Amino acid sequence: MARLVYLIAAILAASPQCDALSLQRKVSIGNQFTRSNFIYSTASAIFFADMSCLVSGSSPACAAEENPRYYESEVQMKYGDDANGNPRTRGVFVRKFTGDSTPYSFPTPRSLPLPKVWPEEPPFTKKDFFRADEEDDENFYTLPRLVYHIDEPAVSALTQYYRSNIAPGSKILDICSSWVSHYPLEFKNNMKRISGTGMNALELIANDQLTDYEARNLNVNPTLPYDDNTFDVVTCVVSIDYLIHPIEVLKEVRRVLVPGGKAIISQSNRCFPSKAISMWLNMNDREHLELINGYAKYAGFGPGKAYDITASVPDEQFNNPMFIIEVSK
């Protein structure tokens, strides 16, 4: 079977009250098309080969309480051509969480102390960043993983935190991004820019919240392809544990932030153990927060603030915790 060539994501309307939105790469992606056209047009894979994504989301008039709990995406993948030159495709439906209209409650973020005093120079060794799977990360992430790595309460808690802590009109960068960024639906309309960089270009194409994207393996090239002082906010969701050059990456984050800009680094207790660095696997949740704060110190940020934003769920069922480290330039 030929390697995966491209992915087109057609996002279905979740609510008739909300207008459709279109995702752009660095250039225009063309006209939108309907679900029926997408399904029944045999030529869609050819004529729309340059199209990244169509998204149905929230218009500015769609307040959070009006948003659906989920919306569905139809993702079509092309696996090369057969012997006669006909495209071989496979489509799947995926469901995205909006973070709204859930049965969960979101307590006021609980401030957590960060008492650890870090030495002047980083105390880390090469062994600290060893991973059980040292094979090329691009092989591990070749196929898009259109799944969530944290549960719905954790996603929803993060969405609500973003809504309360990122001002309208901001320019946002999501590093280590994927097919979802967990931003509120209205961010697509009320932010000036939402950029993303991540390992898998096909997942970034399917991310309907991005206005532009750039695929990059930060473990090979720990630089960000953006000018100095570009973004108001940089986010990183449950991914810093996979970075083998985290200080270098956070130096880049600081470089691309405007003066006074902030980085919001979120973390839970979930990971791919084979790809997480060794010292991370030997730490608990509080030690993870201290470690992230230490990375930020060596990258030139001021003291960080830590919060527990874990959602409360009905009947006290188990759910993933969610923590935030916020640092400012």
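None of the values given here were measured: they were computed from a predicted structure.

(A) Layout of the nonpolar core. By size, the foremost hydrophobic cluster in this structure holds 37 residues, and its most contacted members are Phe124, Ile240, Leu250, Val253 and Tyr295. At the level of elements, β7 (171-175), β10 (231-237), α7 (246-256), β11 (257-267), α8 (278-281), α9 (285-298) and β13 (323-328) are the ones that each hand at least two residues to this core. Here this core takes six residues from α9, the largest share from any one element. When residues no more than four places from it in sequence are discounted, the contact partners of valine 253 are Ile175, Leu224, Val234, Ala263 and Phe301.

(B) Quick look at the pairing of β13. The buried fraction of β13 is high, at five of six residues. Alignment of β11 against β13, held across six bridges, turns out to be antiparallel. Note that in β13 the partner of lysine 262 across the bridge is serine 328. As paired elements, strand β12 (residues 305-308) and β13 share four bridges and run antiparallel to each other. Bridge pairing links aspartate 308 to phenylalanine 323 in β13.

(C) Examining the pattern of salt bridges more closely. Scanning all chains against the criterion turns up eleven salt bridges. Of the charged contacts, one joins aspartate 133 and lysine 275 as a salt bridge, the two residues approaching to 3.6 Å between their closest N and O atoms. A residue pair is termed long-range when its members are at least 10 positions apart, and aspartate 133 in the loop between β6 (110-112) and α3 (137-140) and lysine 275 in the loop between β11 and α8 qualify at 142 residues. The shortest N-O distance in the salt bridge between aspartate 228 and arginine 255 comes to 2.7 Å. On the criterion of sequence distance, the pair formed by aspartate 228 in the loop between β9 (212-215) and β10 and arginine 255 in helix α7 is long-range, its members being 27 residues apart. Arginine 255 sits in the partly exposed class, given a relative accessible area of 23%. It is possible to trace a salt-bridge network through shared partners that takes in Asp100, Arg163 and Glu186.

(D) Representation of the environment of aspartate 241. Secondary-structure assignment places aspartate 241 in the loop between β10 and α7. Judged by its relative accessible area of 0%, aspartate 241 is buried. Measuring from C-alpha to C-alpha, the distance between aspartate 241 and cysteine 271 comes to 7.9 Å, with 30 residues separating the pair along the chain. Once residues within four sequence positions are removed from consideration, aspartate 241 is found in contact with Gln267, Arg270, Cys271, Lys275, Ala276, Ile277 and Trp280.

(E) Region of interest: the sheet that holds β9. Reading across the sheet, the eight strands line up as β6-β12-β13-β11-β10-β7-β8-β9 and stay open at both edges, with mixed pairing between neighbours. Two strands in the sheet have a free side with no partner beyond their single neighbour: β6 and β9. Neighbour to neighbour, the strand axes of the sheet diverge by 20 degrees on average, direction disregarded. One ladder, built from five bridges, connects β7 with strand β8 (residues 193-198); its direction is parallel. The residue bridging isoleucine 175 from the neighbouring strand is threonine 197, located in β8. Running at roughly 140 degrees to β11, α7 makes contact with β7, β10 and β11 of the sheet.

(F) A look at the state of the cysteines. Applying the stated criterion across every chain, the model contains zero disulfides. For cysteine 176, which is in no disulfide, the shortest distance to another cysteine sulfur is to cysteine 236 and amounts to 4.2 Å.

(G) Quick look at α7. Listed as buried for α7 are Pro246, Ile247, Val249, Leu250, Glu252, Val253 and Val256. Among the structural elements, β7, β10, β11 and α9 are those in contact with the buried residues of α7.

(H) Up close: the side chain of aspartate 100. Assignment of secondary structure puts aspartate 100 in the loop between β5 (87-97) and β6. Exposure remark for aspartate 100: the relative accessible area of 3% places this residue in the buried category. Engagement of the side chain of aspartate 100 in a polar contact is seen with the side chain of asparagine 67, the distance being 2.8 Å. A distance of 3.0 Å separates the side chain of aspartate 100 from the side chain of glutamine 160, its partner in a polar contact.

(I) Spatial organisation of the packing of α7 against α9. Between α7 and α9, the least distance of the axes is 8 Å, while the angle of their chain directions is 60 degrees. Relative to α9, the element α7 is oriented oblique. Between α7 and α9 lies a crossing of right-handed hand. Note on element contacts: α9 touches α7 through Tyr295, Ala296 and Tyr298, opposite Pro246, Ile247, Leu250 and Lys251.

(J) View of α9. Along its 14 residues, α9 runs 20 Å from first to last C-alpha, staying within 8% of the 20 Å computed at 1.5 Å per residue. Within α9, ten of the 14 residues are buried, leaving the element largely enclosed by the surrounding structure. Listed as buried for α9 are His288, Leu289, Glu290, Leu291, Ile292, Asn293, Gly294, Tyr295, Ala296 and Tyr298. Looking at the buried residues of α9, the elements they touch are β6, α7, β11, α8, β12 and β13.

Conventions adopted
Residues numbered from 1 in each chain as written. Predicted model: local features only at pLDDT ≥ 70, side-chain atom pairs only at ≥ 80, totals over all residues. Heavy atoms only, no water. Core = buried A, V, L, I, M, F, W, Y, C linked by side-chain atoms within 4.5 Å. Buried < 20%, exposed > 50% of the residue type's maximum accessible area, 1.4 Å probe, protein only. Helix = DSSP H or I, 4+ residues; strand = E, 2+ residues; numbered from the N terminus. Contact = heavy atoms within 4.5 Å. Pairing = 2+ DSSP bridges. Salt bridge = Lys/Arg side-chain N within 4 Å of Asp/Glu carboxyl O. Axes fitted to C-alpha atoms, helices over the stretch in contact; angles between N-to-C directions. Disulfide = S-S within 2.5 Å. Polar contact = N/O pair within 3.5 Å; in protein donor to acceptor, adjacent residues only side chain to side chain. Parallel < 35°, antiparallel > 145°, perpendicular 65-115°, else oblique. Left-handed = near helix turned anticlockwise from the far one by under 90°. Expected span 1.5 Å × (residues − 1).

The values reported here are purely geometric and, on their own, carry no functional implication.
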